[in-house]
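Analysis of the macromolecular model
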Amino acid sequence: MPVEPRDTYVDEVLTNMLDGFRPKGFIADQIFPVVPVGKQSGGFPKWDRAEWFRKPGQTVRAPGTEPRKVDFHVGTATYFAVNYALGSEWTREEIVNTMMRSTYRQAKSEIVRTGLLLDYESRVSALATATANVGTYSTPASHWGDPDNSTPLYDLENAIQAVKDATGYRPNKAVIGGRVMSKLRVNAQLRDLLYPHGGGLVTEQQLAQILQLEKVLVGDAMYNDTQDDVAASASWAPVEFWGANVLLYYAPNRPVIFEPSFGYSFRWQPEGERAFAVNVHPYDTKRRAQEFDQMYYQDENLVNASLAYLVQSCFG
């Protein structure tokens, strides 16, 4: 389909600069592998996991006979890539003033990109930490806020085993809230295992190694819950997206059609569009300003809830 004519253009310098810009603590784009799709909406296959693990009753073939045949069933789920976008503007003063030009253009572009990432993190964290969206969830009997008497290693190993028992797949990744990780760093059970002679704090890399996980992601991102049309208070208290939770789940590092996943992000890029590009619109001579925006099309979709276990309220 031909690209619609338009007067906007992509600011490649700003776009390339922002592609390397990553606010601290954002992990949403690392949780559900991104699947490029050719249409805004469509379907994708969902395999019957139990059939893949079914042991054949007979594999021996008598001479001159046909082999025993096996088959499997495929279901279909759907996605719809929603358009997420934010914009702002540069005033004439910001555009023509040499001292302000690069600083203000970059700063406002980063604010817009950060806003999109905050919304992205909010959607994924809400999706992944809802008890209805995971196979199993629990609350530790001994809260991890007690560094000397809590047993997070046992809690996490039990959660991993529960997923494996239910699905045949061992979780390969974990998402840990920032404050939860701060408790794990000083936990006596973990430190005694890693540092039997004393000293040292637990890192996410060490935790991944102990639990035999490919990756441990720490969700440190925070947000201001003041509505964007209300003046923010100078004494606002930041809120964590991931809270006092740990999510253990299985997902491939890249989309694989014959491998299960807790979820996928279906991203559509229409012809002539580029996700998160800085689209600059014509200068408005009446308002003496130039608008710009950034956008992307995406649908974060839970594919298999049973591949995830949520350990919630890890400390009081």
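Look up: the structure comes first, before these words.
What you see is a predicted model; the values in this text were computed from it and never measured.

Comments concerning the overall build of the chain
Scanning the chain from N- to C-terminus turns up eight helices and 15 strands. When burial is assessed residue by residue, the chain has 41% of its 316 residues classed as buried. In the chain, once contacts between residues fewer than 6 apart in sequence are set aside, the share between residues at least 24 apart is 77%. Counting every atom, the chain has about 17,600 Å² of accessible surface; 52% of that belongs to carbon and sulfur.

Brief notes about the sheet that holds strand S6 (residues 136-138)
Hydrogen bonds between backbone groups are what pair the strands of a sheet, and the pairing can be parallel or antiparallel. Read from one edge to the other, the open sheet built from five strands follows the order S6-S15-S11-S7-S8, with strand pairing classed as mixed. With partners counted over all chains shown, the strands left at the sheet margins are S6 and strand S8 (215-219), one partner each. Across the sheet, the mean angle from the axis of one strand to that of its neighbour is 15°, orientation sign disregarded. As paired strands, strand S7 (residues 173-177) and S8 are joined by five bridges and run parallel to one another. The residue bridging Val175 from the neighbouring strand is Leu217, located in S8.

Side note on helix H8 (residues 204-211)
Taken together, the buried positions of H8 are Leu207, Ala208, Ile210 and Leu211. End-on, the buried residues of H8 take up no more than an arc of 165°, which puts them together on one face. Exposed positions of H8 whose direction lies more than 90 degrees from the buried face are Gln205 and Gln209. Downstream of H8 by one or two residues, Gln212 has phi in the positive range, about 55°.

Describing the pairing of strand S13 (residues 279-284)
In the sheet, strand S1 (residues 9-10) pairs with S13 via two bridges, with the strands oriented antiparallel. Looking at the pairing, Tyr9 lines up with Val280 of S13. In this antiparallel pair of consecutive strands, S13 and strand S14 (residues 289-302), the connection spans four residues, and Arg288 shows a positive phi of 55°.

Some thoughts on helix H6 (residues 178-185)
Within the sequence span of H6, burial applies to Gly178, Val180, Met181 and Leu184. Here the buried residues of H6 occupy an arc of 155° about the axis, which is enough to place them on one side.

Some thoughts on the packing of aromatic side chains
Considering all chains together, one arrives at 12 aromatic pairs under this definition. Seen from their ring centres, Tyr84 and Tyr296 are 5.5 Å apart, and the 35° between their planes marks the pair as tilted. Of the two residues, Tyr84 is situated in strand S5 (residues 82-91) and Tyr296 in strand S14; the sequence distance between them amounts to 212 residues. When sorted by exposure, Tyr84 lands in the same class as Tyr296, which is buried.

Section: the environment of Ala289
Here Ala289 is to be found in strand S14. In this structure the C-alpha to C-alpha distance between Ala289 and Glu94, which are 195 residues apart in sequence, comes to 8.9 Å. With residues up to four places along the chain from it excluded, the contact list for Ala289 reads Glu89, Trp90, Thr91, Arg92, Tyr283 and Asp284.

Quick notes on the pattern of salt bridges
Inspection of every chain in the model, using the stated rule, returns 12 salt bridges. Between Glu89 and Arg287 there is a salt bridge; the shortest N-O distance is 2.4 Å. Pair noted here: Glu89 is in strand S5 and Arg287 is in the loop between S13 and S14, with a separation of 198 residues, a long-range link. Overall, the relative accessible area of 42% leaves Arg287 in the partly exposed class. Salt bridges sharing partners connect three or more residues here, namely Glu12, Asp19, Arg113 and Arg274.

Observations regarding the pairing of strand S2 (residues 34-37)
By the alternation rule, side chains of S2 split into Val35 and Val37, which are all buried, and Val34 and Pro36, of which none is buried. Relative to strand S12 (residues 263-268), S2 is paired through four bridges, and the arrangement is parallel. Bridge pairing in S12 places Val34 opposite Ser265.

Observations regarding unusual backbone geometry
Residues apart from glycine generally show negative phi values, whereas peptide bonds are mostly found in trans. With a phi angle near 55°, Gln212 is a residue other than glycine that sits in the positive phi range. Residue placement: Gln212 occurs in the loop between H8 and S8. Taking relative accessible area as the criterion, Gln212 reaches 59% and is therefore assigned exposed. Notably, Arg288 is not glycine yet its phi reads approximately 55°, a positive angle.

What counts, and where the lines are drawn
- Counting from 1, residues in each chain are numbered in the order their sequence is written.
- Where local features are concerned, this predicted model is filtered to residues with pLDDT of at least 70; where side-chain atom pairs are given and counted, the filter is 80 or more; whole-chain, interface and lining totals use all residues.
- As a convention, hydrogens and water are excluded, and side-chain values are obtained from all of the structure's heavy atoms.
- Strands are runs of DSSP state E lasting at least 2 residues, helices are runs of H or I lasting at least 4, and numbering of each runs from the N terminus.
- Accessibility here uses a 1.4 Å probe with only protein chains present; expressed as a share of the type maximum, an area under 20% marks a residue as buried, one over 50% as exposed, and anything in between as partly exposed.
- Contact criterion: two residues are considered in contact whenever any of their non-hydrogen atoms come within 4.5 Å of each other.
- Where accessible areas are quoted, they stem from the Shrake-Rupley method and a 1.4 Å probe; at the residue level, only the protein chains shown are allowed to cover.
- Note on pairing: DSSP must find at least two bridges between two strands before they are called paired.
- Throughout, an axis means a line fitted to C-alpha atoms (over the contacting stretch in the case of helices), and angles, computed between N-to-C directions, take values from 0 to 180 degrees.
- The arc under discussion is defined with respect to the helix axis, by the directions toward the C-beta atoms.
- Stacked, tilted and edge-to-face are the three classes applied to pairs of Phe, Tyr and Trp rings, where Trp contributes its six-membered ring and a pair requires centres within 6.5 Å; stacked means planes under 30 degrees apart, edge-to-face means over 60, and tilted covers the rest.
- Salt bridges, as used here, are contacts in which a Lys or Arg side-chain nitrogen is within 4 Å of a carboxyl oxygen on Asp or Glu.

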